[in-house]
Amino acid sequence: MKKIQYIISLFVLAIMIGCAEDSSSVDIDSIAAPTNISALTTVTQDNTGKVTFLPKGDGVSRYEIYYGDGTVEPGYVNPGATVDHVYKEGVYQAKIVGTTLNGKRTEVIQEVVVSFKAPENLVVTITNDLTVSNKVTVTAKADYALFYDVYFGEAGKPDPISANIGESVSYTYQASGVYTIRVVAKSAAIKTTEKSQDVTATAVNKPATSASTPPNRQAADVISIYSSKYTDVAGTNYFPDWGQGGQGSSWAEFDLNGDKMLNYINLSYQGIQFGSAVDVSGMEFIHMDVWTADVQKLETSLISLTNGEKPVVKDLVAGQWNAVEIPISAFTSQGLTVADIHQLKFVGTPWAKGSVFIDNIYFYKQAATSSGPSAAPTPTVAASKVISMFSNAYTNVAVDTWRTSWSNATLEEVVLGGNDAKKYINLDFVGIEATTTPIDATAMTHFHTDVYSSDFTTFKVKLVDFGADGKFAGGDDKEHEITVNAPAQNTWVSLDIPLSDFTGLTTRAHIAQLIYVGAPSGSNTVYIDNVYFHN
C-alpha cells in the first residue's frame, strides 16, 4: 500500500513537470513545508466507534494518519479524501502528518475522544462579527463529545456545518434578521445532545478601524477642512444642515477610540460651511476618506462665492475605507472658479437611505522634490489580497514603531512625487515592530517592499514570528533572513519575496518584527515604500 501511494505521487509529479516544460521550470526543492495541518474528526452514532478523518492543510500532496491506539500502519489520505478507523472507547492522541511533493513534513497531534455516552453539559457560544455584516461565529463545548453539527436556520441552507468540539465555525447570512441556530453535539453513542438558540444577524454599519493617516506635507502644500493631521480652516461649520433634517437626514461626530470623524446619516444632501472662503486654485486635488455600508455613490460639489457649484460623482465600495481623490481640474473644466470656495456639498445615492463616515478632508498639491528619487511604483495587487504595513495604495495595519531604539539610523518621513516614503539615513540594523497587534500572515504567500538607494551594496530583510503569547521567546523567535546581494542603485528595486524563501519560517500567525539591514553598515541611505504581505 505504501509503495503504491509513492508511485502515485511520483506519477502526479511527472505530469506536473511535463506540463510545465513549455513555460517554465519547476523548482521542487523550493516547495515549503506544509502549514495549517488539522483534521475534522467525526464519529458514527451507532456505538461502533467508527471515526472518520478529513485532514486539511496547505501545500500538502499526501496525509498520513497515525491513530494513536497502537495501530502500526498509518492511514494514507489524498487531499480532499477521508479515512475511517474503528476505536475502542477511550481518549487517543492521533498524529496528522502532511507531506509535500519534495518530502517535507509537518505534523500535529490531535485528541480523539471516543465515548459511548451521550454528550453532556453542552455549552454553545454565539458571537457577531464586528467587522463583517451578518457574520456569526459558533463555538460548542461538551463532555464526551467529539464533534458537533451547526444548523444555521437560513432558508434554503438545510445542510449543517461540522466542527471539532471546542473549535469554531463561522457563517454569513444573506440578510440581517433573527435566526434560530441548532447545535447537535455528537459522540460515538446513538443518542446525541442538542441545543437551539436565537441569534440576530446584524449589519455592520460603522467602521471598526480608522482611515489611513494622511502623509506629512508642508503647510503651503495643503488646505485642511477636517483632519487631525493638519491645521483646519478656523470657524468651519460641519453641520449647517441646510434644511435636510426635515427629510430624515441627520449628523454626528463619530468617535472611534479617540479618532473623530464626520457621520452624515440618511444622507440626502449635507455639507460644510468654511469659516472663510479659501483659494484652492494653487491646489491639485481634494482628498477625503469615506466609509459606508449602504451608500453606492457620493456626489461632491465645490461651491464658489461668486459662480455657483459643480459636482463630481464617485462610486463607493461598501465596508471599507474609500480614499477619494478628485483633481481640482475636474471642477474647473466645468467652468467653476475655485479662488473663493466657501462650501462643500455631499449627496448620497440612494437618496436619504444610507450613511457615510468622512475623515481627512483637505486640498493639496504635490510637493516639488529637489533631491531624492521619484515615487515608488504603484502596487497592483488587489486590496483584498493584501495586509499592508505602509503604502498609500492600501489601508495600513497598526505598526508600533518604524525605528527601534537599538538602531542608530535616522528615520525621516518624506514625500516623493506626492507619495509617502520612509527615509533611513545611515541604515545599520533597524527594526520595525508590530508587537501590540502582531500580523497574521497565515493566508499570505509573499512579502513585498520597494527600496531605493544610491550607495547600498547589500540589503537584508528579516521576519520574526513572536508566537501566540506575543512576546520575544514565545514563538520561534528566529530572524528568518533574505539577503539581496549587489542590489541595483539609483532605481527602485521591488522585492517580492515568497514567504517560503524565509527558511524556517513555518509559523506566520504572529509576525511582530520586520528588520532591515543595510551595507555598508551605518554608511548608506535607503528609501522604503509599499511594505506589505500579499497572497
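What you see is a predicted model, and the numbers here were worked out from it, not measured in a lab. Each residue is numbered by its place in its chain's sequence as written, counting from 1. Note on the predicted model: pLDDT of at least 70 is required for a residue's local features to be given, and 80 or more for side-chain atom pairs to be given and counted; whole-chain, interface and lining totals, by contrast, use all residues. The basis for every side-chain value is the complete set of non-hydrogen atoms in the structure, without hydrogens or water.

Draft legend 1. Representation of the overall build of the protein within the structure. Each helix corresponds to a stretch of at least 4 residues labelled H or I by DSSP, and each strand to a stretch of at least 2 residues labelled E; elements are numbered beginning at the N terminus. Scanning the protein from terminus to terminus reveals two helices and 34 strands. By its C-alpha atoms, the protein is 85 × 65 × 45 Å across when sized along the principal axes. Whether a residue is buried, partly exposed or exposed follows from its accessible area with a 1.4 Å probe, protein chains only, as a fraction of its type maximum: under 20%, in between, or over 50%, in that order. Relative to its 535 residues, the protein shows a buried fraction of 45%. Contact definition: two residues touch when any of their heavy atoms are within 4.5 Å. Within the protein, residue pairs in contact and separated by at least 24 positions form 70% of the contacts whose partners lie at least 6 positions apart. For the protein, the exposed surface amounts to about 24,700 Å²; the carbon and sulfur share of it is 51%. Only four residue types enter the charge count: Lys and Arg as positive, Asp and Glu as negative, with His and the chain ends excluded. Where a charge lies is defined by one atom per residue type: Lys uses NZ, Arg uses CZ, Asp uses CG and Glu uses CD. Side-chain charges of the protein comprise 36 positive and 56 negative groups, with the mean position of each set lying 5 Å from the other. Computed with a 1.4 Å probe, the accessible areas rest on the Shrake-Rupley method; for each residue, only the protein chains presented here act as cover.

Draft legend 2. Quick peek at the sheet that holds strand S8 (residues 120-128). Note on pairing: DSSP must find at least two bridges between two strands before they are called paired. Strand order in the open sheet formed by three strands is S8-S9-S12, and the pairing between neighbours is antiparallel. One side of each edge strand has no neighbouring strand; the edge strands of this open sheet are S8 and strand S12 (168-172). Sheet twist, expressed as the mean angle between neighbouring strand axes with direction ignored, is 20°. Examined bridge by bridge, strand S9 (residues 135-143) and S12 share five bridges and lie antiparallel to one another. The residue bridging Thr139 from the neighbouring strand is Ser168, located in S12. Orientation is described by lines fitted to C-alpha atoms, with helices fitted over the stretch in contact, and by angles between N-to-C directions that extend from 0 to 180 degrees.

Draft legend 3. The side chain of Asn322, seen in detail. By the element assignment, Asn322 lies in strand S22 (residues 321-327). Apart from the residues within four sequence positions on either side, Asn322 is in contact with Met288, Asp289, Val290, Leu316 and Val317.

Draft legend 4. Spotlight on the environment of Tyr144. Relative to the assigned elements, Tyr144 resides in the loop between S9 and strand S10 (147-151). In this structure Tyr144 comes out as partly exposed when scored by relative accessible area, which is 32%. Along the chain, Tyr144 and Asp340 lie 196 residues apart, while their C-alpha atoms are 75 Å from each other. Two N or O atoms form a polar contact when they lie within 3.5 Å of each other; inside protein one atom must be a possible hydrogen donor and the other a possible acceptor, and for residues adjacent in sequence the pair counts only when both atoms belong to side chains. At 3.3 Å, the side chain of Tyr144 forms a polar contact with the side chain of Lys117.

Draft legend 5. Spotlight on the confidence of the model for the protein. The share of residues in the protein with pLDDT of 70 or more is 92%, and the mean pLDDT across the chain is 88. What pLDDT expresses is the predictor's confidence in each residue, scored from 0 to 100. The low-confidence segment residues 1-24 (pLDDT under 50) makes twelve contacts with residues lying over four places distant or belonging to another chain.

Draft legend 6. Expanded view of the pattern of salt bridges. Salt bridge, as applied in this entry: a Lys or Arg side-chain nitrogen positioned within 4 Å of an Asp or Glu carboxyl oxygen. Enumeration according to the criterion identifies ten salt bridges in this entry. Across the pair Lys50 and Asp84 runs a salt bridge whose closest N-O atoms are separated by 3.7 Å. A residue pair is termed long-range when its members are at least 10 positions apart, and Lys50 in strand S2 (residues 50-58) and Asp84 in strand S5 (residues 83-86) qualify at 34 residues. Look at Lys50 and you get partly exposed, because its relative accessible area is 32%.

Draft legend 7. Local environment of the pairing of strand S20 (residues 297-304). A large share of S20 lies buried, amounting to six of its eight residues. Here S20 pairs with strand S21 (residues 308-315) via eight bridges, running antiparallel. Looking at the pairing, Ser304 lines up with Gly308 of S21. In this antiparallel pair of consecutive strands, S20 and S21, the connection spans three residues. Pairing of S20 with strand S23 (residues 341-349), which is carried by eight bridges, proceeds in the antiparallel orientation. If you follow Leu298 over to S23, its bridge partner there is Gly348.

Draft legend 8. Local environment of the packing of aromatic side chains. Any Phe, Tyr or Trp ring, taking Trp's six-membered ring, that has another such ring centre within 6.5 Å forms a pair; planes under 30 degrees apart are called stacked, those over 60 apart edge-to-face, and the others tilted. Counted according to the given criterion, the structure contains 25 aromatic pairs. Taken together, a centroid distance of 5.8 Å and an interplanar angle of 55° make the contact between Tyr362 and Tyr364 tilted. For the residue pair Tyr362 and Tyr364, the accessibility class agrees, reading buried in each case. Between the aromatic rings of Phe390 and Trp402, the centroid separation amounts to 5.5 Å while the plane-to-plane angle is 65°, which identifies the pairing as edge-to-face. In this pair, Phe390 sits in strand S25 (residues 386-390) while Trp402 sits in the loop between S25 and strand S26 (410-416), placing the two residues twelve residues apart along the sequence. Exposure remark for Phe390: the relative accessible area of 10% places this residue in the buried category. Take Trp402: its relative accessible area is 11%, and that puts it in the buried class.

Draft legend 9. Representation of the pairing of S2 within the structure. Alignment of strand S1 (residues 35-43) against S2, held across seven bridges, turns out to be antiparallel. Considered in S2, the bridge of Leu40 is made with Leu54. Linking two consecutive strands that pair antiparallel, namely S1 and S2, is a turn of six residues; a positive phi of about 65° is found at Asn47 within it. In the sheet, S2 pairs with S5 via four bridges, with the strands oriented antiparallel. Following the sheet pairing, Thr52 is matched in S5 by Asp84.

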